[in-house]
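Spelled out from the first residue to the last, the chains are:
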Amino acid sequence: MLKNKRLNLVQLAICVLTLLSGGLLYLLGMKWAASWVWGGGACVVLVGVLIDTVAALWRKQFGLDLIALVSIVGAVALQETLTAAVIALMFASGRALEDYAEKRAQDEMSALLSRAPKLANRYEHGSVVQVPLAAIQPGDRLVVRPGETVPVDGTLLSGATVDESSLTGEALPATYTYGTALGSGIVNAGDAFDFLATATAEHSTFTNIIRLVRSAQESKAPAARLADRYALLFVPVALGMAAIAWLLSGDPNRALAVVVVATPCPLILAVPVAIVSAMSRCAQRGVLIKHGGALERLAQVSTVFFDKTGTLTGGKARLVGIAADPSLQAEHVLKLAASLEQMSGHAIAQAVVAAAIERGVTLSLPEHVSEEPGAGLSGLVDGKEVRVGTYRYVLGDAEQPAWASGILDRARYEGAAVVCIAVGNKFCGVLHMADEIRLDSPRALRLLRAAGVKHIGMLTGDRRDVAATIAASLGIDVVMPEQTPESKLAAIAAARANGITMMVGDGINDAPALAAADIGVAMGARGAAAAAESAQVVLLVDRLDRLVLAIRIAQQTRRIALQSVMGGMGLSFTAMVFAALGYLPPLAGALLQELIDVAVILNALRVLRLDIGNSAQTLLADEFRKLKEEHNRLMPVIDHVAWLAERVDMMPVETVWNEVAQVNAALRAQVLPHESNDDSALYPRLARMVGGEDPMASMSNTHREIFRLSRVIERLADGAPRSGGVDDSRQELRRTLYSLDAILRMHFAQEEEFFYGLTS
């Protein structure tokens, strides 16, 4: 098939013009002229088909184009020029439909290219100057005006409202506050805002995506032609039936009629139309599929391997636990550490600061700060000498206190980092920093199994105990820790023997495995360029569940394509029988075949209307962020609950009940109103989105238990014994506090995963 789209349109125009002109001449009684015009139009298409057929045979490919060639040649030879013109029109219209569908897919990807900025507005000596994008360096202060695209990755220096639709698919603008990290490529949908660059243009998110899109557009891998797999059977049968009809009847027109109705021209195109349409649908949701062969394999995947860091986990440290000296509260320890860490550019330090800001902690400005690279910082915070960093930097060879043993041992077991804090010479706290499981990982893995994936494994270079902990949390079938790039290749080669195998990763060390798998999927939003270049599928948004969406689209596309192939062949075969028996002359057969072909093409175009989620029944990303921010603001209350539970037996009676009163007041003022509002306002709305009789029942029941435990604490606070019966009350208080701490943390985690799954 000729690939020049303009030439295809010219051929279609010639076919329409010659068919209409010939019809007019025929009506005017000029039959000989009409025949020449129809024949000339058919010959224009014949040349194109001949070139395509010769090229295919040169490549040792045998397809259905051969029947199209025979039918047009036969019609011209038998002077059935009107039939030849109809066949030519049928073939040219099929090509035009394929070009249309392919253009739809290219337009979705090219939309990003058209928005690539070339200039940026940088502050220089008190004024704003436009500079080339290549001149931007980390640390430059930029201004993004209304309607402009964020040029590089960076951090907000003021509030901003932005449109992320081109990268995330989110329909409505999102609002961010000071200190939020933004990736390049999003559009300012509000007032101008200031922006601190943290990367060059070359290493920013949008540039990486642009590079991938261009690579996909230039890909030479053709869309798979599923119909050609049946050509070895269909072509000989069609030509054989035509020959038998001719021999038995002695009428070459019967042979021509058989070949004409066996000309499934758009059937040849039905599969590419379906595939490029599916690529368009995937591109709309942030999944870049580089060629049709990858999409076909997506529909048949049976084994999926994941890298761990940056794929199943977030790839960056987050605060997951705080241990403090019994005389101090967790929030105070976090404030001391984060205030000092503001002066460091280390990734762990920035994670500590971010955690404090998320929890609403007010930070102080430190003084006389000094940093020892790779070890920690020291300085004055609110007039106190504070040291923050590694255990050895903070405490030297001193023995660790009993209250810190649990969190330090857990961090060692999980392979996590810790930040130790000392005030003066007194060790006062430990922050447990870990690479948490991505919010969408559990849901994505459940959906993969529902989509038909039989085996899910993890290939990671991490230690066995660390990998096993993550795998157990996610229900992964096979864990292969301490892997090198070479051993990953061996594992994938072994899996491929049992079915289509997919590898998902984001790092440079994943690139060989991504290239070796049947389907390589790269986390392109922030992954390594080498991984994205090696993969056949790239997730342009940082959401693992979009991979499941692409698999579902691929499966539905394959189903529709097979319907087109089998339906087209079945209808054509039935028509061939009637033509062989003499009930279907060539011209009527051509018109009938045109109807069959149009039906098949329209069926393939159903892919453009596949149901991939109703935007009206999703939670906006901005709403999810607000919900998560509310949870973060409540974390100090939960930390206080856990802190008190651990110290109930060690505190004086008066102190215990004073702390209980504070916890009770915080629950009444903050936690319970939040849960009540969720139950009365948010959950009914979510229930309508999810559907079913009572989808939020389990969540609401958790609220009931939170309210019950809170009432127990209220009763203990109101009737706090000052003497006598203290031991019994302490035991009940400790049990209640531990239960409330556990259920609140679990409930928040469940809500966040559930809410995130409903975002578009």
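Look up: the structure comes first, before these words.
So, here's what we can say about the structure. (Residues numbered from 1 in each chain as written. Predicted model: local features only at pLDDT ≥ 70, side-chain atom pairs only at ≥ 80, totals over all residues. Heavy atoms only, no water.)

Quick look at the sheet that holds strand 14 (residues 376-381)
In space, the six strands of this open sheet follow the order 12-17-16-15-14-13, with antiparallel pairing throughout. Strands at the two margins of the open sheet, each flanked by one partner only, are strand 12 (313-324) and strand 13 (367-372). Here the strands of the sheet are splayed against their neighbours by 20° on average, with no regard to which way each runs. Note: strand 12 against strand 17 (residues 426-437), eight bridges, orientation antiparallel. Counterpart to Ala 324 in the pairing with strand 17 is Gly 429. (Pairing = 2+ DSSP bridges. Helix = DSSP H or I, 4+ residues; strand = E, 2+ residues; numbered from the N terminus. Axes fitted to C-alpha atoms, helices over the stretch in contact; angles between N-to-C directions.)

Topic: the pattern of salt bridges
Applying the stated criterion across every chain, the model contains 26 salt bridges. We note a salt bridge from Asp 382 to Lys 335, for which the minimum N-O separation is 4.0 Å. Of this pair, Asp 382 sits in the loop between strand 14 and strand 15 (384-389) while Lys 335 is found in helix 12 (residues 330-341), placing the two residues 47 residues apart along the sequence. Note that Asp 639 and Arg 745 form a salt bridge whose closest N and O atoms lie 2.9 Å from each other. (Salt bridge = Lys/Arg side-chain N within 4 Å of Asp/Glu carboxyl O.)

Looking at the side chain of Glu 752
Relative to the assigned elements, Glu 752 resides in helix 26 (residues 726-758). On the accessibility criterion, Glu 752 (12% relative accessible area) is buried. Aside from chain neighbours lying at most four places away, what touches Glu 752 is Leu 439, Phe 624, Lys 628 and His 631. (Buried < 20%, exposed > 50% of the residue type's maximum accessible area, 1.4 Å probe, protein only. Contact = heavy atoms within 4.5 Å.)

Section: the pairing of strand 13
Here strand 13 pairs with strand 14 via four bridges, running antiparallel. Bridging from a neighbouring strand, Glu 371 pairs with Leu 377 of strand 14.

Regarding the environment of Val 478
Note on placement: Val 478 falls in strand 19 (residues 478-480). Spatially, the C-alpha atom of Val 478 lies 6.7 Å from that of Ile 456, the residues being 22 residues apart in sequence. Val 478 has contacts with Ile 456, Gly 457 and Met 458, leaving out every residue within four places of it along the chain.

Considerations on the sheet that holds strand 7 (residues 181-182)
Pairing is antiparallel in the open sheet, where six strands are placed in the order 2-1-3-9-4-7. Edge positions in the sheet fall to strand 2 (127-132) and strand 7, since each has one partner strand and no second. Examined bridge by bridge, strand 3 (residues 141-144) and strand 9 (residues 193-197) share four bridges and lie antiparallel to one another. Each residue of the ladder has a partner; that of Leu 142, found in strand 9, is Phe 195.

Focus on helix 22 (residues 586-604)
Compared with the 27 Å implied by 1.5 Å per residue over 19 residues, the 26 Å span of helix 22 between its first and last C-alpha is a close match. Of all the residues in helix 22, the buried ones are Pro 586, Gly 589, Ala 590, Gln 593, Glu 594, Ile 596, Asp 597, Val 600, Ile 601, Asn 603 and Ala 604. (Expected span 1.5 Å × (residues − 1).)

Remarks on the packing of helix 23 (residues 621-647) against helix 24 (residues 653-690)
Two elements in contact, helix 23 and helix 24, have axes separated by 10 Å at closest approach and are oriented at 150°. Of the possible angle classes, the one that applies to helix 23 and helix 24 is roughly antiparallel. Like other packed secondary-structure pairs, helix 23 and helix 24 cross with a definite hand, here left-handed. Of the residues in helix 24, those in contact with Glu 623, Leu 627, Glu 630, His 631, Arg 633, Leu 634, Val 637, His 640, Val 641, Trp 643 and Leu 644 of helix 23 are Glu 659, Val 660, Gln 662, Val 663, Ala 666, Leu 667, Gln 670, Val 671, His 674, Leu 682 and Arg 685. (Parallel < 35°, antiparallel > 145°, perpendicular 65-115°, else oblique. Left-handed = near helix turned anticlockwise from the far one by under 90°.)

Considerations on the environment of Val 388
The topology assignment puts Val 388 in strand 15. Looking at Val 388, the relative accessible area reads 0%, which means it is buried. When the C-alpha atoms of Val 388 and Ile 421 are compared, they prove to be 4.7 Å apart, with 33 residues separating the residues in sequence. Each residue touching Val 388, except ones within four places of it in the same chain, is listed here: Ala 337, Leu 340, Glu 341, Ala 375, Gly 376, Leu 377, Tyr 393, Val 394, Val 419, Cys 420 and Ile 421.

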